[in-house]
Amino acid sequence: MNEPAPATTAVKSSTKRGNILSIIVILLALGMIGGVISAINNTPSCPDELIGSWTTTAQGYEDKVLLITREGIVFSTGEDEAEGLAVRGLQAMPDGSGIFYTITYGTSRSDEQVLSFHYHPRTQTITFKNQSLLVWTRKTLES
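Residues numbered from 1 in each chain as written. Predicted model: local features only at pLDDT ≥ 70, side-chain atom pairs only at ≥ 80, totals over all residues. Heavy atoms only, no water.

Q: Provide a residue-level description of the overall build of the protein, including the pertinent values.
A: Helix and strand content of the protein: one helix and eight strands. Beginning at the N terminus, the succession of helices and strands in the protein can be written as α-β-β-β-β-β-β-β-β. Within the protein, the proportion of its 143 residues that are buried is 25%. Put simply, of all contacts in the protein between residues at least 6 apart along the chain, 33% involve residues at least 24 apart. Per element, the accessible surface of the protein, about 10,200 Å² overall, is 57% carbon and sulfur. (Helix = DSSP H or I, 4+ residues; strand = E, 2+ residues; numbered from the N terminus. Buried < 20%, exposed > 50% of the residue type's maximum accessible area, 1.4 Å probe, protein only. Contact = heavy atoms within 4.5 Å. Areas by Shrake-Rupley, 256 points an atom, 1.4 Å probe, with all protein chains shown as cover.)

Q: Please give an account of the environment of Glu-112 that cites residues and values.
A: As for its placement among the helices and strands, Glu-112 is situated in the loop between strand 5 (98-106) and strand 6 (113-120). Ignoring any residue separated from it by four or fewer positions in sequence, one finds Glu-112 in contact with Arg-88, Thr-104 and Tyr-105. Looking at Glu-112, its side chain comes within polar contact range of the side chain of Arg-88, at 3.2 Å. (Polar contact = N/O pair within 3.5 Å; in protein donor to acceptor, adjacent residues only side chain to side chain.)

Q: Give a description of the sheet that holds strand 3 (residues 72-78) that names residues and reports values.
A: Taken in spatial order, the eight strands of this closed barrel run 1-2-3-4-5-6-7-8, and their pairing is antiparallel. When the angles between neighbouring strand axes are averaged without regard to direction, this sheet yields 35 degrees. (Pairing = 2+ DSSP bridges. Axes fitted to C-alpha atoms, helices over the stretch in contact; angles between N-to-C directions.)

Q: Hey, could you go over the nonpolar core for me, with residue numbers and the actual values?
A: By size, the foremost hydrophobic cluster in this structure holds 20 residues, and its most contacted members are Leu-66, Phe-117 and Ile-126. Elements with a contribution of two residues or more to this core: strand 2 (65-68), strand 4 (81-95), strand 5, strand 6, strand 7 (125-128) and strand 8 (131-139). (Core = buried A, V, L, I, M, F, W, Y, C linked by side-chain atoms within 4.5 Å.)

Q: Requested: an account of unusual backbone geometry, with residues and values cited.
A: Non-glycine residue Gln-124 carries a positive phi angle of around 50 degrees. Summarising the element assignment, Gln-124 is placed in the loop between strand 6 and strand 7.

Q: Explain the packing of aromatic side chains to me, using residue names and the numbers behind them.
A: Under the definition given, this model contains five aromatic pairs. The interplanar angle of 90 degrees and the centroid separation of 6.2 Å between the aromatic rings of Phe-117 and Phe-128 together place this pair among those described as edge-to-face. Residue Phe-117 is located in strand 6, and its partner Phe-128 is located in strand 7; the two are separated by eleven residues in the primary sequence. What makes Phe-117 buried here is its relative accessible area of 0%. Taken together, the ring pairs in this structure connect Tyr-61, Tyr-101, Phe-117, Phe-128 and Trp-136 into an aromatic cluster. (Phe/Tyr/Trp six-rings, centres within 6.5 Å; stacked < 30°, edge-to-face > 60°.)

So, in structure tokens, the structure goes:
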């Protein structure tokens, strides 16, 4: 009978473990690459109906502007003061005759804030969830 020598068995076992570890490392690397690609492709983007400069004629808000771009929100309080922040999340839900949007924005995950409003497609206006009496109208941006 020819039985493999103990050294040969150890080498085969070691090689088999090395191959399994290599496969695991390759699968983990592919998973990480897929996650990065998925994160890049899932960057939130505001829909065309929201993009533009939003203003209101309501008393006390005449010089305020809300600017929405594909990937950011700018709040202008007048007097040459503005704050621009990146859109980090976007949810849209049908709401009666319009759409209820929730935009998460901020400079980082720990600095996220939420803006919720109703978009009325018939009148092309928005009203904020907590200020339903203020009606904002849009001026489209030209590219």
